[in-house]
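A closer look at the structure
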Amino acid sequence: MIVMFSARRLKPGAWEQFRQAWEPGDDKPPGFQRAYHARNIRDEDEVISFGLFDMSKDDYHRWREEADAQETHRVDRMSAFVENELVSGVYEVIDVAE
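One structure accompanies this document, and this report is about it. Everything quoted here is computed from the prediction, not taken from an experiment. (Residues numbered from 1 in each chain as written. Predicted model: local features only at pLDDT ≥ 70, side-chain atom pairs only at ≥ 80, totals over all residues. Heavy atoms only, no water.)

1. Topic: helix H2 (residues 57–79)
- Between the first and last C-alpha of H2 there are merely 26 Å, a value that for 23 residues lags more than 12% behind the 33 Å anticipated at 1.5 Å per step.
- Along H2, the sharpest kink reaches roughly 75°, centred on Ala67.
- What H2 keeps buried is the set Tyr60, Trp63, Ala67, Glu71, Arg74 and Met78.
- Contacts from the buried residues of H2 go to strand E1 (2–10), helix H1 (15–22) and strand E4 (82–92). (Helix = DSSP H or I, 4+ residues; strand = E, 2+ residues; numbered from the N terminus. Expected span 1.5 Å × (residues − 1). Bend = angle between axes of the 7 residues up to and from the residue. Buried < 20%, exposed > 50% of the residue type's maximum accessible area, 1.4 Å probe, protein only. Contact = heavy atoms within 4.5 Å.)

2. Quick look at the layout of surface pockets
- When its volume is computed, the largest pocket comes out at roughly 500 Å³.
- Secondary structure elements with two or more residues in the lining of the largest pocket: E1, strand E2 (32–40), strand E3 (43–53), H2 and E4. (1 Å grid on protein atoms, 1.4 Å probe; cavity = no way out; pocket = protein on both sides within 12 Å on 5 of 7 lines; lining within 4 Å. Points joined across faces, edges and corners; volume = space filled by probe spheres on them.)

3. A closer look at the pattern of salt bridges
- Going through the model one piece at a time under the given rule, you end up with nine salt bridges.
- One salt bridge in this structure joins Arg9 and Asp43, with 2.5 Å as the shortest N-O distance. Of the two residues, Arg9 is situated in strand E1 and Asp43 in strand E3; the sequence distance between them amounts to 34 residues.
- Exposure remark for Arg9: the relative accessible area of 23% places this residue in the partly exposed category.
- Residue Asp59 pairs with Arg62 through a salt bridge whose shortest N-O separation is 2.5 Å. Here Asp59 and its partner Arg62 are both found in helix H2, three residues apart, which amounts to about one turn of the helix.
- Classification of Arg62 by relative accessible area gives partly exposed; the value is 45%. (Salt bridge = Lys/Arg side-chain N within 4 Å of Asp/Glu carboxyl O.)

Coordinates in, geometry out; function isn't part of it.
As structure tokens, then:
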């Protein structure tokens, strides 16, 4: 399982535009399960986003090579509505607590 995660401070009031730019449409990565966006309850311009993908690290790297230009364009569209990105990365799930 792969988790793609980011924490961002959006430009004031830019949530709707950011969300539209974030949308991958029908071009979701392989193994897409679900994505979440969550706002800080004290500051609505601070947003975390994470997606869960049923794929291996090798699957991720293959997909990223194939979709690099498209993903870079999507990230560029989102960046217009982002003040700063606090953390962003692709993580492999190593443990699940229930």
